[in-house]
Amino acid sequence: MNDAPDLYETIQTAAAYVRTRDPRPWRVLLILGSGLGGLADKVQNPTRISYADIPGFARSTVAGHSGQFVIGDLFGVPVAVMQGRVHFYEGHPLWQVGLPVRVAKAMGVETMIVTNAAGGIHRDFQVADLMLMTDHISLAGLAGHNPLMGPNDERLGLRFPAVTGAYDAQLQRFAVDAAREANVDLKQGVYVCVSGPMFETPAELRFLRIIGADAVGMSTAHEVVVARHAGIRVLGFSGITNVARLSADEGEPPSHSEVMEAAPRIAPKLHAVIEGTLRRMHGAR
């Protein structure tokens, strides 16, 4: 797959290293986006493993991404929290972007909860809103930058996986119920993944709105495709950190500092919904 010399062996080597640091099996993988890594501080009996120490892993270089696994128990569920991720725009091949998800599968993960910071395209969205991802559009994937490109290894998944219903319906119901219980106004919508790292032009944002996108970001879709290829259930959330400027005269241009400033306002909502979702998952076993 892509230019990985032997992806299956790379996965097994990385998982073997992780087990030397902490042999506990994982049930849920949480991927925390820009500025949203604080949930990892709530993990009980944590083991922290830097991506830089794991064979085959890339290093995260973006502000707001600590670049480590935090392994332990969160609200009674065995988890591995990715405190930050690596991105395609950092120059990493897509097999490496998806490698943490593959290793999580090898460690026993059944469910992935993925989060991101995103620009709000839907005109009703405001900064600090939380959006439940109901589907995604992967522009990079449709254009040929897909983590499943290259020879397929049947040990990892089917050659032609279906991504219809990629975002699990039961998990979405849990999230909606958890949001209602926590009095969080949980928006719902379609996330579009672009390559980045530049923010989009107003014309590009108008195009994305026309094709059905409600929020836009530079991550997540690749990880979701890998997770579904591996048979992992997925739940996704976008934290709206800025509102899309659909014309050049609509306020100041977006910036990463704007993203980071909004994240603390989103985090309590996200934490409450994830907590309620995990508790419902634990009760559904």
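All values derive from a computational prediction rather than experimental measurement.

Draft legend 1. Local environment of the pairing of strand 7 (residues 186-193). Most of strand 7 sits out of view: 6 of its 8 residues are buried. Where strand 6 (residues 130-138) and strand 7 come together, 8 bridges link them in parallel fashion. Looking at the pairing, L130 lines up with L186 of strand 7. Of the pairings in the sheet, the one linking strand 7 to strand 8 (residues 215-217) comprises 3 bridges and is parallel in character. Looking at the pairing, Y191 lines up with A215 of strand 8. Following the backbone out of strand 7, through helix 6 (residues 202-210) and into the adjacent parallel strand 8, one traces a crossover that is right-handed.

Draft legend 2. Region of the structure containing the packing of helix 1 (residues 7-21) against helix 3 (residues 99-106). With their axes 9 Å apart at the nearest point, helix 1 and helix 3 run at an angle of 65° to one another. Relative to helix 3, helix 1 is oriented roughly perpendicular. Viewed along their axes, helix 1 and helix 3 form a crossing whose handedness is right-handed. Packed against helix 1, whose contacting residues are L7, T10, I11, A14, A15 and R19, the element helix 3 presents L99, R102, V103 and A106 at the interface. By residue class, the composition of the contact of helix 1 with helix 3 is 7 nonpolar, 1 polar and 2 charged.

Draft legend 3. Expanded view of the packing of aromatic side chains. All chains considered together, the criterion is met by 4 aromatic pairs. Relative to F69, the ring of W26 has its centre 5.2 Å away and its plane inclined at 50°; by these criteria the two rings are tilted. Taken as a pair, W26 in the loop between helix 1 and strand 1 (28-32) and F69 in strand 3 (residues 68-74) lie far apart in primary sequence, 43 residues in all. Classification of W26 by relative accessible area gives buried; the value is 3%. The structure contains a cluster of three or more aromatic residues connected by ring pairs, namely W26, Y51, F57 and F69. A cation over a ring is seen here: R155 above Y8, with NZ or CZ 3.8 Å from the ring centre. If you follow R159 out to its NZ or CZ, it ends over the ring of F160, 6.0 Å from the centre.

Draft legend 4. Structural view of the environment of P264. Within the fold, P264 resides in helix 8 (residues 256-283). The class for P264 is exposed, based on a relative accessible area of 55%. As for P264 and L29, which are separated by 235 residues in sequence, their C-alpha atoms are 22 Å apart.

Draft legend 5. Quick peek at the nonpolar core. In this structure, W26, L29, F57, F69, V101, V103 and M112 are the most contacted members of the largest nonpolar core, which totals 43 residues. Per-element tally for this core: the top contributor is helix 1, with 5 residues. Setting aside residues no more than four positions away along its own chain, V101 makes contact with L29, I31, M112, E223, V226, A227 and I232. Among the nonpolar cores identified, the runner-up in size contains 33 residues, and L36, A40, F174 and M281 belong to it.

Draft legend 6. How the structure looks around the environment of D214. Topologically, D214 is positioned in the loop between helix 6 and strand 8. Classification of D214 as buried rests on a relative accessible area of 15%. Discounting chain neighbours no more than four positions away, the residues touching D214 are G119, G120, I121, H122, F125, M131, G189 and V190. A polar side-chain atom of D214 sits 2.8 Å from the main-chain amide nitrogen of V190.

Draft legend 7. Inspection of helix 1 at higher detail. The terminal C-alpha atoms of helix 1, which comprises 15 residues, lie 22 Å apart, in line with the 21 Å expected from a rise of 1.5 Å per residue. Listing the buried residues of helix 1 in full gives L7, T10, I11, A14, A15 and V18. For helix 1, the arc enclosing every buried residue in end-on projection is 125°, short of the 170-degree limit, so these residues lie on one face. Along its buried surface, helix 1 packs onto strand 2 (44-50), strand 3, helix 2 (94-97) and helix 3.

Basis of the calculations
Residues numbered from 1 in each chain as written. Predicted model: local features only at pLDDT ≥ 70, side-chain atom pairs only at ≥ 80, totals over all residues. Heavy atoms only, no water. Buried < 20%, exposed > 50% of the residue type's maximum accessible area, 1.4 Å probe, protein only. Helix = DSSP H or I, 4+ residues; strand = E, 2+ residues; numbered from the N terminus. Pairing = 2+ DSSP bridges. Right-handed = clockwise from strand over helix to strand, strands pointing away. Axes fitted to C-alpha atoms, helices over the stretch in contact; angles between N-to-C directions. Parallel < 35°, antiparallel > 145°, perpendicular 65-115°, else oblique. Left-handed = near helix turned anticlockwise from the far one by under 90°. Contact = heavy atoms within 4.5 Å. Nonpolar A, V, L, I, M, F, W, Y, C, P; charged D, E, K, R; others polar. Phe/Tyr/Trp six-rings, centres within 6.5 Å; stacked < 30°, edge-to-face > 60°. Lys NZ or Arg CZ within 6 Å of the ring centre and 35° of its normal. Core = buried A, V, L, I, M, F, W, Y, C linked by side-chain atoms within 4.5 Å. Polar contact = N/O pair within 3.5 Å; in protein donor to acceptor, adjacent residues only side chain to side chain. Expected span 1.5 Å × (residues − 1). Arc of directions from axis to C-beta.

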